[in-house]
Amino acid sequence: SVIGCDMREATSHPILRKMIENQQARGDIVVSELLGSFGDNELSPECLDGVQKCGVLKDTCVSIPQSYTAFLAPVSSARLISEAKAQGFHPLNHCDGPGGSMVGVQRALETPYVVRCHAASQTHDEQACWTYTHPHVSKNDADTGKSSAEAAADVHNDRCAHLSFSSDPTNGSRNGCGYGAVNGDIVRAVEGSDIGATLTIHGLLGTFHSVLYESKRTKRTSTISIAPHSFSTGMFSWFPLYFPLKEVLRVPPASTINCSIWRKSDDSRVWYEWCAEVEKSGFILSTCSIHNPGGRAYHVKK
């Protein structure tokens, strides 16, 4: 049967209620297509946790995907920042036309954008921010005695990550624009070199790596990824998520870029906040304010 309803409200559907009441009729496998450019930016954790909380899945249920990890890296691109600023002059409500209120530059630069980057340079190797796994594993075991639904009810999906990107003498040349696999020819060409140039950082580039399924029997793993170091060649379903910086950061040679990013939520919304700074020899050379505090410019409704 094909049932149309919000998976987080499975208990409201009569057919699904019967499945919940009959343990043998519950789901053996859940397959979802909820991954976003940053892994969790399209509410995959909330949706998959929601269906597990309803009790419609067996304790032995398998999820595809099984896990996904968000990655972040600094990016230099005058093109991306200029196009993000240009969004500030668009109508806040497209139905209002040219006479309506404008988005505003602050709101435009506190909003992440899905981008197919060309005129860009990912200046450092991407680093992992956080990982989500499904379904939650503390099910009816000797340690917890919890059912699948109870295990999902105990989790929250807010996250934070503080990353440090040390000086890269090659300025991340092997990473290209940040979309696509690491270029082995460039890796060999720049190996041992020191470009020694001052970088200009215009934002952060978010990507993801997902384990769709890992067989316990054969140990074979099926993955998809848009992170450069594990990029799935030939895949064009996702593009990176660009987090603009309102204040451009100048990064002299031998400097470190420190980035912080938070995934936050309230009863009805999910949003990201982010900031960055440049450090050298223990001194802060430049910094930028926290973007999108409280989800004031951008959020996703639950």
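Refer to the structure above for everything that follows.
Figured I'd write up the structure that's included with this text. These numbers were taken from a predicted model, which means no experiment stands behind them.

**A word on the pattern of salt bridges**
- In total, this model carries eleven salt bridges according to the counting rule given.
- In this structure, the salt-bridge partner of Asp40 is Arg263, at a minimum N-O distance of 2.7 Å. Separated by 223 residues along the polypeptide, Asp40 in the loop between strand S1 (27-31) and helix H2 (44-53) and Arg263 in strand S11 (residues 256-265) bring together distant segments of the chain.
- On the basis of relative accessibility, which here comes to 2%, the residue Asp40 falls in the buried class.
- Exposure remark for Arg263: the relative accessible area of 1% places this residue in the buried category.
- A salt bridge links Arg79 to Glu83; the nearest nitrogen and oxygen atoms lie 2.5 Å apart. Remark: Glu83 and Arg79 occur in helix H3 (residues 78-86); sequence separation between them is four residues, near one turn of the helix.

**A short note on the side chain of Ser32**
- Tracing the backbone shows Ser32 in the loop between S1 and H2.
- Setting aside residues up to four positions removed in sequence, Ser32 forms contacts with Leu48, Ile64 and Pro65.

**Focus on the pairing of strand S13 (residues 283-287)**
- Both strand S12 (residues 269-280) and S13 contribute to a ladder of four bridges, which runs antiparallel. For Glu279, the partnering residue across the bridge sits in S13 and is Ile284.
- Once S12 ends, the chain turns through two residues before running back antiparallel as S13, passing Ser281 with a positive phi of about 55°.

**A word on unusual backbone geometry**
- Following Ile64, the chain continues to Pro65 via a peptide bond in cis, the omega torsion being 10°.
- Mapped onto the fold, Pro65 is located in the loop between strand S2 (57-64) and strand S3 (67-76).
- Look at the link from His134 to Pro135: it is a cis peptide, with omega at -15°.
- Mapped onto the elements of the fold, Pro135 is located in the loop between strand S6 (127-133) and helix H5 (148-153).
- Its identity is not glycine, yet Leu43 carries a phi of approximately 65°, on the positive side.
- Among the secondary structure elements, Leu43 is positioned in the loop between S1 and H2.
- A positive phi angle, close to 55°, is found at Ser281, a residue other than glycine.
- Accessibility expressed as a relative area gives 67% for Ser281, which makes it exposed.

**Examining the nonpolar core**
- In terms of nonpolar packing, the biggest core is built from 50 residues, with Phe38, Cys129, Trp130, Tyr242, Phe243 and Ile261 touching the most fellow members.
- Of all the elements, strand S10 (residues 241-251) adds the most residues to this core, at six residues.
- In contact with Cys129, other than residues within four places in its own chain, are Phe38, Ala70, Phe71, Leu72, Cys160, Ala161, Leu163 and Ile261.
- Ranked by size, the runner-up nonpolar core spans 14 residues in total, among them Ala10, Val56, Cys61 and Val270.

**Here we look at the side chain of His124**
- Mapped onto the secondary structure, His124 falls in the loop between strand S5 (121-122) and S6.
- Judged by its relative accessible area of 5%, His124 falls in the buried class.
- Within polar-contact distance, the side chain of His124 engages the side chain of Thr123 at 2.8 Å.
- The contact partners of His124, leaving out residues within four places of it in the chain, are Ala73, Pro74, Phe165, Ser166, Asp168, Gly172, Asn175, Leu199 and Ile257.

Definitions and cut-offs
- Residues numbered from 1 in each chain as written.
- Predicted model: local features only at pLDDT ≥ 70, side-chain atom pairs only at ≥ 80, totals over all residues.
- Heavy atoms only, no water.
- Salt bridge = Lys/Arg side-chain N within 4 Å of Asp/Glu carboxyl O.
- Helix = DSSP H or I, 4+ residues; strand = E, 2+ residues; numbered from the N terminus.
- Buried < 20%, exposed > 50% of the residue type's maximum accessible area, 1.4 Å probe, protein only.
- Contact = heavy atoms within 4.5 Å.
- Pairing = 2+ DSSP bridges.
- Core = buried A, V, L, I, M, F, W, Y, C linked by side-chain atoms within 4.5 Å.
- Polar contact = N/O pair within 3.5 Å; in protein donor to acceptor, adjacent residues only side chain to side chain.

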